[in-house]
Amino acid sequence: MAGALSHIRVLDLGRIMAAPWATQILADLGADVIKIERPGAGDDTRSWGPPFLKAEDGSATKEAGYFLSVNRGKRSVTIDIAMPEGQALVRKLAEGCDVVVENFKAGALQRYGLDADSLRAVKPSLIYCSVTGFGQDGPRRDQAAYDFMIQAMGGLMSITGEKDGAPQKVGVPIVDLMTGMYAAVAILAAIAKRERTGQGETIDLAMLDVASGMLANQAMNFLVGGRVPHRAGNRHPNIQPQDVFPAKDGFIVLAVGNDGQFVKLCEAIDRADWARDPRFARNQDRVKNEGALTPMLAERFSEFTRAELIAKLDAAGVPCGPINAVPDVLEDPQVRHREMLRHLPHPLAGRVPQIVSPIRMQDAPLSFDRPPPTLGQHTNDVLAELGLGDDDRAALSAKGVI
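No experiment lies behind these values; they were computed from the predicted model shown.

1. So, the packing of aromatic side chains
Then comes step 1: This structure, assessed with the given rule, holds two aromatic pairs.
Then comes step 2: Aromatic pair Trp48 and Tyr66: ring centres 5.0 Å apart, planes at 80°, arrangement edge-to-face. You can see Trp48 sitting in the loop between strand E2 (32-37) and strand E3 (52-54) and its partner Tyr66 sitting in helix H2 (residues 65-68), a full 18 residues away along the chain.
Then comes step 3: On the basis of relative accessible area, Tyr66 is assigned to the partly exposed category, the value being 25%.
Then comes step 4: Where Phe245 meets Phe301, the ring centres are 5.3 Å apart and the plane angle is 80°; that geometry is what we call edge-to-face. Note that Phe245 is positioned in strand E9 (residues 242-247) and Phe301 in helix H12 (residues 290-301), a separation of 56 residues in sequence. Summarising the burial analysis for this pair, Phe245 and Phe301 share the class buried.
Then comes step 5: Note that Arg15 overlies the ring of Phe104, its terminal NZ or CZ placed 4.2 Å from the centroid.

Structure representation (structure tokens):
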């Protein structure tokens, strides 16, 4: 059965991570995503290595792991949008698309006639999504941005890391990923709106806005309680006990979420009396007295191996787990059962590994049959669909447009 978005065509003018992450989500859902790249160089992330994918003969390709993580399911077309002929091609492609996604600096595409106002004037039903660091207006609108600096500016690094350590970023480009997720959600909402009204939409997504929104409970803690959130390692600011604890042979994560689970925890480790202690009976008491509770749990947990402790807590229904490295995650029986790691055919490597979408749909299942494209792999096919013959494409290639 066709994917849920098999009727949607997307023109992807995005680069790096945030916008391409959004369009990869749409591609996984069945959309036909046409990725526009610079002739010769392509998306910046193609060169963000090592590591690079290995060809079937063992030699390195020019396909960096970073690029491969965010461009599955797309068709790559090389067009130089700085050239008038390239701009005309992109405009013609946009006329046949439902959605355009771009992440150039605010106003940068206006000089090419590829901005939202220009394209939607020709096609009012077009959904046009712009992703920038700071948005289309405001004092920082002209500034470039990367995930790392936005994690800092958006407050995430002030609440990430050990209490007495330096500010720390998240281990993946989390603001890029969440910006891409918000972009995909906004695009889907615009598609639903267009089905009712026939009108498209202009979407303005800013990474700093996303980072601010991601502060979630930490921001609300400040707004309600007046105390500035700070780095607290792995300790949860509102629920206890939730932290990393040592066992005999390593560490586990404990994530008690309510008073009932705390009772089960205490019974599982043969300290039922702790659940009756007025310092720990209610969550608000445990948060207040976390300084006393955490050392008690740490001392008790250190009497068990990780396997023993996890088995006890699992049997009692207490949320806990090992701290897995990336290879451990991919070997986890649950992850393997859910087929989160798959291998897709690839023109250079034979096949390429992919961590696929976590979305599962019963009646419109996702398919992962198109690997991340090589640079310009689909240029001839897509331009032929526009009606350009062999001679036309050869002339454009000779001029460096494609």
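Continuing now.
2. Things to note about the sheet that holds strand E10 (residues 250-255)
Then comes step 1: Ordered in space as E9-E10-E11, the three strands form an open sheet in which the pairing is antiparallel. Two strands lie at the open edges of the sheet, namely E9 and strand E11 (320-322), each paired on one side alone. Each adjacent strand pair in this sheet contributes to an overall mean axis angle of 30°, direction not counted.
Then comes step 2: Pairing geometry for E10 and E11, over three bridges, is antiparallel. By the bridge assignment for E11, Leu254 is matched with Cys320.
Then comes step 3: On top of the sheet, H12 reaches E9 and E10; it is set at about 35° to E9, its chief contact.
Then comes step 4: Those strands touched by helix H13 (residues 306-316) are E9, E10 and E11, and its axis lies near 15° from that of E10.

3. What about the side chain of His346?
Then comes step 1: Mapped onto the secondary structure, His346 falls in strand E12 (residues 341-346).
Then comes step 2: A distance of 3.1 Å separates a polar side-chain atom of His346 from the backbone nitrogen of Leu348.
Then comes step 3: With sequence-adjacent residues up to four places away left out, His346 is seen in contact with Leu53, Glu63, Arg351, Val352, Pro371, Pro372 and Thr374.

4. Comments concerning unusual backbone geometry
Then comes step 1: Of note, the bond from Gly49 into Pro50 is cis; its omega dihedral lies within 30 degrees of zero at 5°.
Then comes step 2: Mapping Pro50 onto the fold places it in the loop between E2 and E3.
Then comes step 3: The amide bond that connects Pro50 to the next residue, Pro51, takes the cis arrangement and shows omega of 5°.
Then comes step 4: In this structure, Pro51 sits in the loop between E2 and E3.
Then comes step 5: For Ile16, which is not glycine, the phi dihedral falls at a positive 65°.

Scoring rules and cut-offs
Residues numbered from 1 in each chain as written. Predicted model: local features only at pLDDT ≥ 70, side-chain atom pairs only at ≥ 80, totals over all residues. Heavy atoms only, no water. Phe/Tyr/Trp six-rings, centres within 6.5 Å; stacked < 30°, edge-to-face > 60°. Helix = DSSP H or I, 4+ residues; strand = E, 2+ residues; numbered from the N terminus. Buried < 20%, exposed > 50% of the residue type's maximum accessible area, 1.4 Å probe, protein only. Lys NZ or Arg CZ within 6 Å of the ring centre and 35° of its normal. Pairing = 2+ DSSP bridges. Axes fitted to C-alpha atoms, helices over the stretch in contact; angles between N-to-C directions. Contact = heavy atoms within 4.5 Å. Polar contact = N/O pair within 3.5 Å; in protein donor to acceptor, adjacent residues only side chain to side chain.

In short, geometric facts, not functional conclusions.
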